[in-house]
Amino acid sequence: MDADTLPLFDLDLATVSEVEREGCREFFAGKANKTPERYMTIRNYMVEAWHAVQPLYLTKIKARAGLRNCGDVNAIGRIHTFLEHARIINVGAQRTRRSQPNGTRRRRPATGDSDDEEPDEWRSVPSGSAASLAGRRRRVRDDEGNWVYQDEYYGGRVIAHDVVERRADDADYSYSDGSDEEHEGAPAHKRRRRALNGARYQVQSEFRLVPCRAFGEGLLPFRVEVSAAALALMDLHAHLMDTEVIGLLGGTYDAGEGVVRVEVAFPCNSTSTTTECEMDPASEVDARRVFALQGRHVVGWFHSHPTFDAMPSVRDIHNQHAYQALCRRAADSVEPFVGFIVSPPGAAGGAYGVSDISVFYVVADGSPEGVPYQLPYVVTSRDAVSTEAVDEMALLVERHAAMEHRVDLARRFRRSEAMTLLEKLVISMRSHWDDEARQHWDDLVSRRLRPLLLEHYCRSGSGSGGSHSELANAAPPTAQESP
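On a predicted model such as this, the values are computed, not experimentally measured, just so you know.

K.L.:
So what exactly am I meant to see when it comes to the overall build of the chain here?
P.N.:
When its secondary structure is counted, the chain shows 14 helices and 15 strands. Counting only residues that meet the buried cut, the chain has 45% of its 483 residues in that class.

K.L.:
Looking at this structure, I do not really get the packing of aromatic side chains. What am I missing?
P.N.:
Aromatic rings in a pair are described by how distant their centres are and how their planes are angled relative to each other. Tallying each qualifying case throughout the model produces 12 aromatic pairs. Between the aromatic rings of Y352 and F413, the centroid separation amounts to 6.1 Å while the plane-to-plane angle is 65 degrees, which identifies the pairing as edge-to-face. Residue Y352 is found in the loop between β12 (338–343) and β13 (356–363), and its partner F413 is found in the loop between α11 (387–399) and α12 (421–430); the two are separated by 61 residues along the sequence. The class for Y352 is partly exposed, based on a relative accessible area of 37%. One aromatic cluster in this structure is built from F27, F28 and Y39.

K.L.:
What's the story with the packing of α12 against helix α13 (residues 435–457) in this structure? I'm lost.
P.N.:
If you want to describe how two helices pack, look at the angle between their axes and the distance between the axes. Between α12 and α13, the shortest axis-to-axis distance is 11 Å and the interhelical angle comes to 145 degrees. Relative to α13, α12 is oriented so that their crossing is right-handed. Within the contact between the two elements, α12 uses L422, L425, V426, M429 and R430 and α13 uses R438, W441, D442, L449, R450, L453 and L454. Residue composition of the contact of α12 with α13, by class: eight nonpolar, no polar and four charged.

K.L.:
Before we go on, may I ask you to explain the side chain of E225 in this structure?
P.N.:
For E225, the position within the fold is in strand β6 (residues 223–227). Engagement of the side chain of E225 in a polar contact is seen with the side chain of R261, the distance being 3.2 Å. Setting aside residues no more than four positions away along its own chain, E225 makes contact with V259, V260, R261, V262, V378 and T380.

K.L.:
I would appreciate a short explanation of the pattern of salt bridges in the present structure.
P.N.:
Two side chains of opposite charge can pair, provided their charged atoms sit close to one another. One pass over the structure, following the stated rule, counts 19 salt bridges. Between R261 and E225 there is a salt bridge whose closest N-O contact spans 3.2 Å. Taken as a pair, R261 in strand β8 (residues 259–268) and E225 in strand β6 lie far apart in primary sequence, 36 residues in all. Under the relative-accessibility criterion, E225 is labelled buried at 18%. As a salt-bridge pair, E263 and R296 come within 2.5 Å of each other at their nearest N and O atoms. Of this pair, E263 sits in strand β8 while R296 sits in the loop between α9 (281–293) and β11 (297–304), placing them 33 residues apart in sequence.

K.L.:
Is there a simple way to think about the nonpolar core in this case?
P.N.:
A general tendency of soluble globular proteins is for nonpolar side chains to be buried together. Judged by nonpolar contacts, the single largest core of 62 residues is most densely connected at M234, F340 and L449. If near-sequence neighbours (up to four positions away) are discounted, L449 is found in contact with V390, M393, A394, V397, M429, W441 and L444. Core analysis: the second largest hydrophobic core is formed by 27 residues, Y39, Y57, I89 and V285 among them.

K.L.:
What exactly am I supposed to notice about the confidence of the model for the chain here?
P.N.:
Reading predicted coordinates in detail is not appropriate for stretches of low pLDDT. Here the chain averages 76 in pLDDT, and 70% of its residues register 70 or above. Low pLDDT (under 50) marks residues 150–183, which in the prediction has 74 contacts with non-local residues, meaning those over four places away or in another chain.

K.L.:
I tried to follow α9 on my own but got confused; where do I start?
P.N.:
A turn of α-helix holds 3.6 residues, and therefore any two residues three or four places apart point the same way. Here α9 is 13 residues long and its end C-alpha atoms lie 19 Å apart, about the 18 Å a rise of 1.5 Å per residue gives. By the burial criterion, the buried members of α9 are A282, S283, E284, V285, A287, R288 and F291.

K.L.:
I would appreciate a short explanation of the side chain of H432 in the present structure.
P.N.:
Looking at where H432 falls in the secondary structure, it is placed in the loop between α12 and α13. Discounting chain neighbours no more than four positions away, the residues touching H432 are A228, L231, A232, D235, I357, V379 and R382.

K.L.:
For this particular structure, what's the right way to read the sheet that holds strand β5 (residues 213–214)?
P.N.:
To summarise the sheet geometry, strands pair through backbone hydrogen bonds and adopt either a parallel or an antiparallel arrangement. Read across the sheet, nine strands follow the order β5-β14-β13-β12-β11-β7-β8-β6-β15 without closing on themselves; strand pairing throughout is mixed. Since the sheet does not close on itself, it has two edges, and those belong to β5 and β15 (377–380), each with one partner. Bridge count between β11 and β12: five bridges; the pairing is parallel. Across the sheet, W301 pairs through a bridge with G339, a residue of β12. Here helix α8 (residues 228–240) sits on the sheet and contacts β6, β7 (246–254), β8, β11, β12, β13 and β15; the angle it forms with β8, its principal contact strand, is near 35 degrees. Contacting β7, β8 and β11, α9 runs over the sheet at an angle of about 135 degrees to β8.

Thresholds applied
- Residues numbered from 1 in each chain as written.
- Predicted model: local features only at pLDDT ≥ 70, side-chain atom pairs only at ≥ 80, totals over all residues.
- Heavy atoms only, no water.
- Helix = DSSP H or I, 4+ residues; strand = E, 2+ residues; numbered from the N terminus.
- Buried < 20%, exposed > 50% of the residue type's maximum accessible area, 1.4 Å probe, protein only.
- Phe/Tyr/Trp six-rings, centres within 6.5 Å; stacked < 30°, edge-to-face > 60°.
- Axes fitted to C-alpha atoms, helices over the stretch in contact; angles between N-to-C directions.
- Left-handed = near helix turned anticlockwise from the far one by under 90°.
- Contact = heavy atoms within 4.5 Å.
- Nonpolar A, V, L, I, M, F, W, Y, C, P; charged D, E, K, R; others polar.
- Polar contact = N/O pair within 3.5 Å; in protein donor to acceptor, adjacent residues only side chain to side chain.
- Salt bridge = Lys/Arg side-chain N within 4 Å of Asp/Glu carboxyl O.
- Core = buried A, V, L, I, M, F, W, Y, C linked by side-chain atoms within 4.5 Å.
- pLDDT = per-residue confidence, 0-100.
- Expected span 1.5 Å × (residues − 1).
- Pairing = 2+ DSSP bridges.

Written as structure tokens, this is what we have:
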């Protein structure tokens, strides 16, 4: 059997493996409606259904057909995705797609036959429109249990990503589009324009940035420590791609001291754009397996904001809140899971060339999706650079070398300055180490990382950043050039 078709774990229909517990943790978190027994029921049915239809592709719709009373259709879909990436079902199957007439595509949200689902209707979305790219608006339950749109209920002020051109009559950025009574007397063409602008705004609402609040004195849920090697790897990963990157963080939680210790970072494969990023489930399974072998647990995630501030978006807040719920400890209800955001452009007023890296945590505070709070963190193990850590960085560089959206590091960091993105990257990564470790770091970078970055990420003819030889001969930044 080809290695690409080998399952990631040995399947036993009578038991649940450790890989499954890590990959589908929501069914093993003590929830009344998501139990290990329900997971086994869903998994076994899908495996049997796949054997019945192979070599045809088992779709999520077909898989749900016999699971009417097994709860949340979205959770069932996630099990389907997990089993598919774990190469338990749909191995070698060819998926057929039906084209939709008149340049439209049909989208079918949840059917509403479960109390946990979001009720909605069938509708067609014109292909190529902003709505077709952003997906349907998310619904949540309000304080009275009624389904409402998340962006109409979500509390707090937000800041938009500058990813779309705003029109002059989009000046009101409140979550409400206004009532029909408010615009009842307006001409028809103005009402249509307001409706269009409101729809365009709602499409972008989940990508809008939300400023983090600060915890009051003595109100931190726990302290956060992160190793310099993990920070440097996150920083490198964020610099390699023009699109967002994502990964998981491994470490431990010390309940006695109340400390989350982030010891390692695991860059994951993803489907990404400049404004969003979705983690590959197979990469998540691999990360959890590696952490388990090291005696660590998943204690957080990280992702990059290539062109905007290190503040979470509405979608980031939703993802963080969901992860925290999965990690909630039964003994004390603590949720030891943190979110790191890496912004290579850096913070306003921050050290020159150094990435802005923030940590956020979500607190309910009466909002259905929670409110983000900033967590301070302490960098540990800054006095020594291990060869193994740099080797791991070199593997990451090589792995991304053939990707379409890799960064051209020969470009200038800013148009009016001579510094290249490669020089900026070196300065930023160097900032994570103490002075006594930087000489060793410079030597390792010169021998292991710089040649790979020059070969794969400094494309010839980029002009503005200088030639390969000039970049190769450039001296590493001194301690005075970086903090």
